[in-house]
Amino acid sequence: MSQYRVTFESPGYLILLILVPFLWWLSYRALAPLGQGRRGVALVLRCLIVGLFVLAVAQTQMVRISKRLTVIYLLDRSLSIPPEGQTAMIDYLNAAVARHRVDDDRVGVILFGRDALIEVPAFAYNITLPPNLQAPLESDYTNLASAMRLAMASFPEDAARRIVIVTDGNENLGSAAQEAQALAGAGVGIDVVPVYYEKRGEVVTERVVLPPDIRRGLPFDLKVVMNNTKQPAGADSGEVTGRFVLKQKTRGEARVVSEQKVTLPPGKRVFTVRQQLDAAGFFSYEAEFFPDHPEKDDTMTQNNRASAHTHVKGKGQVLLIEPADNRSQYEGAVKALAEHNIEVEVRSTKELFASLGELQQFDAVILANVPRDAFVDDNQVQMLVRNTQQMGAGLVMLGGPDSFGAGGWIDTELEKAMPVDFTIKSAKVVPRGALAMVMHASEIPQGNHWQKRIAEEALKTLGPRDYCGVIQYGGGGPRGGATTWLWTPGMLATGENREMMLAKLSRMTPMDMPDFEPGMVLAHQGLMALEDVSVRHMIIISDGDPQPPSPATINNFRTAKITVSTVAVGAHGPANSIQMDAIAKATGGRYYAVNNPNALPKIFQREARRVTVPLRHENEAGMRPQITQPHEMLGGIDAVPPITGYILTTVKQNPLVEVVMVAPEPGPAVNRTLLAGWTYGLGRTVVLTTDATARWSKSWLTWQDYAKLVSQIVRWTMRPAGDEGKFSVATDFRDGQVRVVLTALDKNDEFLNFLSPQMAGVGPSLQASEGKLEQVAPGRYVGTFPAREAGAYMIAVSPGAGHGTLNAGVNVPYSDEFRNLEPNQPLMEQLADFVPEGGEPGQLIQAPDGLDRLEPLLEEFNSFRHDLARATSSQDVWPFLLLLGSCLLFADVFVRRVQVSFAWVPVVAAKMLGRKPPPPPAEMIQRLQSRKAEVEDRIAQLRASARFEPSAQLEPDRRILEEPFAGEAAPRRPAAAPDVAQKPPEEEGYTARLLKAKERAWEKGKS
Amino acid sequence: MGRNVRSASRLPSPAGWLAGLAGAAALSLLSGCEEDPNAIGRLEGVWGKVGISEGLLQKPRAMTIDPLDRIYIVDMTARIQVFDTQGNYLRGWKTPESKNGKPTGLSIDRAGRLMVADTHYHRILIYSPEGELVRTVQMQRGDGPGELALVADVVEDSEGNYFVAEYGDNNRVQKFDSEWRFLLQWGGHGAEPGQFSRPQCLALDEQEHLWVADACNHRIQVFDRNGKFLQTWGGPGSGPGELRYPYGLVLSPDQTVYVVEWGNNRVQKLTRDGRSLGWWGTGGREPGQLFCPWALVRDHRGRIHVLDTNNHRVQTARM
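Analysis parameters
- Residues numbered from 1 in each chain as written.
- Chains lettered and ligands numbered in written order.
- Predicted model: local features only at pLDDT ≥ 70, side-chain atom pairs only at ≥ 80, totals over all residues.
- Heavy atoms only, no water.
- Helix = DSSP H or I, 4+ residues; strand = E, 2+ residues; numbered from the N terminus.
- Buried < 20%, exposed > 50% of the residue type's maximum accessible area, 1.4 Å probe, protein only.
- Contact = heavy atoms within 4.5 Å.
- Pairing = 2+ DSSP bridges.
- Phe/Tyr/Trp six-rings, centres within 6.5 Å; stacked < 30°, edge-to-face > 60°.
- Lys NZ or Arg CZ within 6 Å of the ring centre and 35° of its normal.
- Axes fitted to C-alpha atoms, helices over the stretch in contact; angles between N-to-C directions.
- Parallel < 35°, antiparallel > 145°, perpendicular 65-115°, else oblique.
- Left-handed = near helix turned anticlockwise from the far one by under 90°.
- Nonpolar A, V, L, I, M, F, W, Y, C, P; charged D, E, K, R; others polar.
- Buried area = accessible area lost by both parts, 1.4 Å probe.
- Polar contact = N/O pair within 3.5 Å; in protein donor to acceptor, adjacent residues only side chain to side chain.
- Salt bridge = Lys/Arg side-chain N within 4 Å of Asp/Glu carboxyl O.

Caption draft 1: Expanded view of the overall build of chain B. What chain B contains, in helices and strands, is two helices and 26 strands. With 319 residues in all, chain B has 62% of them scored as buried. Considering only contacts in chain B between residues 6 or more positions apart, those separated by 24 or more positions represent 47%.

Next up, the structure:
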């Protein structure tokens, strides 16, 4: 299926090949002494080496030309194609692939709606999609362009490429034509298979229109726009009958305000409903149409509903959040605020806001003795903080036994926003708490995940000085598992060890614990070993099947006043455990039966809070607050009546913090804050660490200035009234995005620059959207957020510090998917007409009778035709050529320097065949014999010399002895041998003579 | 440990041999420890792999063997699978329900049928050897006579009476007649002789005395058929004669008893009065090593098959 071709990246260097003949000529003479054969080999090798090096310099490449084809089908799964059309598309795809795909051709499938996804990657086999194909796609839009981009990215590179688009052509996101141009430029062929269907009638509830300036107590007209797209045909007048229902929603409650039977003629119709809102607050209206005959008149029900929101402003509105299980404790404070014209909406933590946009009706939020675990969703806490930081609203935290550090708020976003930290570093002020946890929930689904999460949540709730330990049953070791502490020693202060603890928790893999006894004994020992602890608590999580502890162990816990809370999880059917209930009852803890693991983190937060009790400071004798500095919050107040309790905190080391009032005891002043405030982002936050209720501030309730104090505290934090006249907000919706444009002018109509406006939107389903506005021109700021759902969006824009919030709205219309009810033939033809680079144009695989009759269609059109530019892939081969040339260089040297004799071959061959070796040539034998005699003679002389006989006859021939060293730097000797008889033989060696010479030189030097 | 590894006769490959020997040598060198003087027995085979397909095991937790040496195993997928003693898969089936939890006890009755202690459904399932559900003995959940908490094991005596061990809310043994009518009960949660803390496994000896693996009391208790306490031995620990979470026991005709210890990763061989004769196995994942074993059986050739639960396999040893 492939062809190969050689190309050169730098062909100019090939001219160097002319060196080859020159080299041949030059070397021919120089290599003559080698003999005929070796010279020939050396010459060939040299030319090859030069040739290879030249090819390497020219960057030789091997090009592979593939005959394969990859076809990717793009299937339109948007709502505009009716279900029967979707089935026909899949039938066509299955049949076309089975009929036309050949050899190694690949096929893949991409599905698209609002986005695109790969259903089948491109592989070389015949795929068969199921007729009821389900895909996690949002089908309310058609984004053909994204599918084309995805196809382009997913094509393998080694084959020709074609996409086959099966669609009705009704794109409403992106630009398919633009993508097609890019694809064609890249050589990708485009076939289009149009899907046809009959035009259908639809009823669309287009929008709910609310006037922009709704005022409390004043009636207004709410308008609902409906559109019947059905056309009269023959006897059918096109009218659609049904029921129209309008609901008003506020604070999670829905109320039907209008319900009527209606008849909708073809075209648009507007219904008007008179409404009046008598209370301030956030309101939402939702209109819906229910057709009498949906199968005939209105097949798509997704477009029958529309909504709009508004909020009616009061004088100054504040949201007071109190715990769901302890309501009405702040009635006095609410009354006090009302006396000073501040409207208070009281909500429990179970009926809170769902989005930041919803909070914009309030100028401040009061958290009244709310523990962290009372919030169902941690995102709500973050919204509260952002509401202050980015949107400029106030945030007041009122104390109480379950607030601040004692409320589990340590290390949270809320703590960062407050002017005080919720932990105490000084041991003299607050004694420590200790928490031990026993983990045995590994058998619930995702058991280890949940165990890690809950342990982490509990750990985060503890203060840095509190102790924490985790007990698990772990395996390992030659003698198996054991109940052990997760870290050693078991109970450790969380402050400096928190990171280590979190790391160990993340690696924790507890096994199935057979009995509680060892774990509880271990926990008891660990907790009792801590001396500086005032509160000891233990939590056991288990599926309840371990064996219960012994009565003696339970008694030990009871005697030591260690409370044990037990959490039964449903690993074996519904959660329930008599023995775990008994443990909790016997030790004064709480028993929880949990079937939904999502509830576990909150339970662990709540239980962990038990050890933070020491942060409360109470004195029944009363403590008179001390005013530290005059402040707006205490305007007109000189003295404050005594309190009996508050929560200890630590003032943040920040010059912005204004501590207004402190308690007289205990410890240093930084921990005794009663009232403090600071500016956090665009807003202000205040802490009042006592509770302002009968529990700790009983004397305040009868104090004449109580209302004044509370209202002044709240008013100091409230968002400033807006100077909206100088700002204007415009909104529009384009390409799936809501665009918000803020124009900012100052009093003199000069542009206001360098603001940092923030916006928060709330959509039809109360989903939140947030973002920043960027400055694009003098006094002009633009921000966008995606709006995936059709309906009304309410947007609050905060221009910055010192400016009130601006409100605006935008209506996101239903997707065109619900309107363009005819196939878009021109677009489909345009796509098929693109001519791919190096190939033939695409085909419009058009079946006038629809895709139902496949046979003629398959007969006529083949999307697996090989008429596109073939895919090529190239690979550099010059490094291999270079390597080969280098190896040949070595061979060249070898051929020239080494003469290889093959005389041994006949000898070996004869031996192997069992024959007599052929006699060597006579001349050679003679030469060998004379050489042998010569060598024997020399050896004999050498032996004679080794006997040390000073005989002239036997004196060895020194020339023979010295011959091997002739070339070396051996000491020169006289050319003729000395006469041994006349001259005594040399008794000293050369070294001895040298030494003597040296000694003589020394002697000379001395003298 | 080293001896067991070297004596393994069915190691998967020469590479495995080398790895095992090298690992054992390295460990010995590193730890400087000598061979366990109490280690006895040799490994004769390892079979079973992790998985949920036929013949594969997913954390198997109970095992029994029938007179024809067919091994029945139930795992955490609630599948009951039948193997021969070489580990060849014969057949398998699933219990009717398993959402609340999986069975933890298997035994064979006098008729050769499989009795399944369906732990979290408070019932006994009785299957033919071919896997046909013959009878479901469903009890009420509770602590009254004839009611059941979490069923750990069941055995049948020669007269057709059934003994059922429970844990969880109750820790007791109940005796039923051949028609599953309540006869008597004894035990209760505690550590005194005659009390239980998770009676995990039952076995009857030649005198029809009931042997109970009292797992969380780390001991073995013996009773007569009327619940009269006869003897107990064991106690928590890793030494000879000590036990840690004994989850299974097998009585051998040579008057010894094999106890598999979930917490000690070993099989201990003891006399009937609790004197240790040595043990086989240590913690780990290599052949000859165990990881939280739950059960064991003895075949007609005297070999011990150990359900190596967390290693998802069975190991065969001769002790």
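Further notes follow.
Caption draft 2: Just the pairing of strand β2 (residues 60-66) of chain A, in detail. Residue and element names in this part refer to chain A. Summarising burial for β2: five of the seven residues are buried, a large majority. Summarising the sheet, strand β1 (residues 2-8) and β2 pair through seven bridges and their orientation is antiparallel. Looking at β2, one finds that S2 is bridged to S66. Pairing of β2 with strand β42 (residues 871-876) involves six bridges; the strand directions are antiparallel. For R64, the partnering residue across the bridge sits in β42 and is S873.

Caption draft 3: Structural detail: the packing of aromatic side chains. All chains considered together, the criterion is met by 24 aromatic pairs over all chains. Aromatic pair F220 of chain A and Y285 of chain A: ring centres 6.5 Å apart, planes at 80°, arrangement edge-to-face. Taken together, the residues span a long stretch of sequence, with F220 of chain A in strand β9 (residues 219-228) and Y285 of chain A in strand β13 (residues 281-291) at a distance of 65 residues. Judged by centre distance (6.2 Å) and plane angle (65°), the ring pair of W211 of chain B and W233 of chain B falls under edge-to-face. Of this pair, W211 of chain B sits in strand β15 (residues 210-214) while W233 of chain B sits in strand β17 (residues 229-234), and the two are 22 residues apart along the sequence. In this structure W233 of chain B comes out as buried when scored by relative accessible area, which is 8%. Here the basic side chain of R39 of chain A rests over the ring of Y28 of chain A, its NZ or CZ set 3.8 Å away from the ring centre. One cation-aromatic arrangement involves R266 of chain B over W279 of chain B; the distance from NZ or CZ to the ring centre is 4.1 Å.

Caption draft 4: Examining the sheet that holds strand β12 (residues 172-176) of chain B more closely. Residue and element names in this part refer to chain B. Spatially, four strands are ordered β10-β11-β12-β13 in an open sheet, and the strand pairing comes out antiparallel. Among the strands making up the open sheet, the edge pair consists of β10 (150-156) and β13 (182-187). Strand-to-strand twist across the sheet, computed as the mean angle between neighbouring axes with direction ignored, equals 20°.

Caption draft 5: Layout of the packing of helix α1 (residues 19-30) of chain A against helix α2 (residues 36-57) of chain A. All names here are of chain A. At a minimum axis separation of 9 Å, α1 and α2 run at an interaxial angle of 150°. As summarised for this structure, α1 and α2 are arranged roughly antiparallel, according to the angle between their axes. Viewed along their axes, α1 and α2 form a crossing whose handedness is right-handed. Contact with α1, carried on its side by L19, V20, L23, W24, S27 and Y28, involves R39, L43, V44, R46, C47 and V50 of α2 and no other residues of that element. Taken together, the residues that form the contact of α1 with α2 break down as nine nonpolar, one polar and two charged.

Caption draft 6: Molecular detail of the interface of chain A and chain B. Counting from both sides, the interface comprises 22 residues of chain A and, opposite them, 32 residues of chain B. Both sides together, the interface formed by chain A and chain B hides about 2000 Å², and carbon and sulfur atoms give 46% of it. Viewed at the interface, chain B and chain A are joined by four residue pairs in polar contact (both at pLDDT 80 or more). By residue class, the composition of the side of chain A that touches chain B is nine nonpolar, eight polar and five charged.

Caption draft 7: Seen up close, the pattern of salt bridges. Residues and elements named next belong to chain B. Per the counting criterion, the structure on display carries 47 salt bridges over all chains. Between E166 and R172 there is a salt bridge whose closest N-O contact spans 2.7 Å. Note on R172: relative accessible area 6%, which makes it buried. For the salt bridge of E206 with R272, the shortest nitrogen-to-oxygen distance reads 3.0 Å.

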